Amino acid sequence: MKRVCLVCMGNICRSPMAEVVLRRTFAGRGLDVEVDSAGTGGWHAGDPMDERALSTLADHGYDGSAHRARQFDPAWFAERDLILVMDRDNLRAVRRIAPPGADVRLLRSFDPAAPADAEVPDPYYGGAEGFVEVLRMIEDAAEGVAKHLEDH
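Below or above, wherever it landed, is the structure these notes cover. (Residues numbered from 1 in each chain as written. Predicted model: local features only at pLDDT ≥ 70, side-chain atom pairs only at ≥ 80, totals over all residues. Heavy atoms only, no water.)

1. Structural notes on the overall build of the protein
And then number 1: When you go through the protein residue by residue, the secondary structure sums to 4 helices and 4 strands.
And then number 2: Shown N-terminal to C-terminal, the secondary structure of the protein runs as helices and strands in the order β-α-β-α-β-α-β-α.
And then number 3: For a compact globule of 152 residues, the expected C-alpha radius of gyration is about 15 Å, and the protein comes in at 14 Å, within 12% of that figure.
And then number 4: Oriented by its inertia axes, the alpha-carbon framework of the protein measures out at about 40 × 35 × 30 Å.
And then number 5: Expressed as a percentage of the 152 residues in the protein, the buried residues total 49%.
And then number 6: In the structure as shown, the protein presents an accessible area of about 7,300 Å², 50% of it carried by carbon and sulfur atoms. (Helix = DSSP H or I, 4+ residues; strand = E, 2+ residues; numbered from the N terminus. Rg over C-alpha atoms; globule rule 2.2 N^0.38 Å. Buried < 20%, exposed > 50% of the residue type's maximum accessible area, 1.4 Å probe, protein only. Areas by Shrake-Rupley, 256 points an atom, 1.4 Å probe, with all protein chains shown as cover.)

2. Considering the environment of Glu150
And then number 1: Note on placement: Glu150 falls in helix H4 (residues 128-151).
And then number 2: Along the sequence, Glu150 and Phe26 sit 124 residues apart, while their C-alpha atoms lie 9.7 Å from each other.
And then number 3: Those residues in contact with Glu150, other than ones at most four positions away along the chain, are Arg29 and Leu31. (Contact = heavy atoms within 4.5 Å.)

3. Observations regarding H4
And then number 1: In this model, H4 (24 residues) spans 36 Å end to end at C-alpha, consistent with the 34 Å of a helix rising 1.5 Å per residue.
And then number 2: Along H4, the largest kink reaches about 25 degrees and is centred on Ala141.
And then number 3: Listed in full, the buried residues belonging to H4 are Phe131, Val134, Leu135, Met137, Ile138, Ala141, Ala142, Gly144, Val145, Ala146, His148 and Leu149.
And then number 4: Contacts made by the buried residues of H4 are with strand S1 (2-8), helix H1 (14-28), strand S2 (33-39), helix H2 (51-59), strand S3 (82-85) and strand S4 (104-106). (Expected span 1.5 Å × (residues − 1). Bend = angle between axes of the 7 residues up to and from the residue.)

4. So, the pairing of S2
And then number 1: Where burial is concerned, most of S2 is hidden: 6 out of the 7 residues are buried.
And then number 2: Each parallel crossover has a hand, and the one from S1 via H1 to S2 is right-handed. (Right-handed = clockwise from strand over helix to strand, strands pointing away.)

5. Here's the deal with the environment of Asp36
And then number 1: On the secondary structure map, Asp36 appears in strand S2.
And then number 2: Relative accessible area serves as the criterion here: at 9%, Asp36 is assigned to the buried category.
And then number 3: Sequence separation between Asp36 and Ser15 is 21 residues; the distance between their C-alpha atoms is 8.6 Å.
And then number 4: Apart from the residues lying within four places of it in its own chain, the contact partners of Asp36 are Arg3, Val4, Cys5, Leu6, Glu19, Arg70 and Arg80.
And then number 5: Within polar-contact distance, the side chain of Asp36 engages the side chain of Arg70 at 2.7 Å. (Polar contact = N/O pair within 3.5 Å; in protein donor to acceptor, adjacent residues only side chain to side chain.)

6. Focus on helix H3 (residues 88-97)
Since the α-helix turns once every 3.6 residues, residues separated by three or four places project in the same direction.
And then number 1: Every buried residue of H3 is accounted for by Asn90, Leu91, Ala93 and Val94. Along H3, the residues classed as buried sweep out an arc of 165 degrees about the axis, all on the same side.
And then number 2: Against the buried residues of H3 lie S1, H1, S3 and S4.
And then number 3: The backbone nitrogen of Asp89 lies 3.1 Å from a side-chain oxygen of the residue at the head of H3, namely Asp87. (Arc of directions from axis to C-beta.)

7. Considering the sheet that holds S2
And then number 1: Taken in spatial order, the 4 strands line up as S2-S1-S3-S4 in an open sheet, and their pairing is parallel. Edge positions in the sheet fall to S2 and S4, since each has one partner strand and no second. Strand-to-strand twist of the sheet, defined as the mean angle between neighbouring strand axes without regard to direction, takes the value 25 degrees.
And then number 2: Lying on the sheet, H1 is in contact with S1, S2 and S3; it crosses S2 at an angle near 175 degrees.
And then number 3: H3 contacts S1, S3 and S4 of the sheet and is inclined by roughly 175 degrees relative to S4. (Pairing = 2+ DSSP bridges. Axes fitted to C-alpha atoms, helices over the stretch in contact; angles between N-to-C directions.)

Structure (structure tokens):
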């Protein structure tokens, strides 16, 4: 079984949305992949997903109600095959603590239509439309991640 961890800043918006979407994508393709998520910061640890993220997922047929935020633990590198981060700031933060050989990438690098170094922007300080756009970006990358895992 492969293991994938999605990472954003606080683990209440982008990475838990991606966790839910990728879990469904992998299951739909019959892939045996365990998916989880975390934040580079721990200030939301134990909190549920942001209500706007939860609502956006529900509006599109996903259930994120079980999510509780947590902070990324460097010990997880040994247990994860792939770490997918939402933006370049978090990419730098995770790579700073990564051991040699850890596979840490931007999520949108798996979307063939996305520009190089494309990020999933943080919708936290914006309106509901930002969460819908984030969901679209995640869904656009999800099949690419699944194909990568099938091929490797």
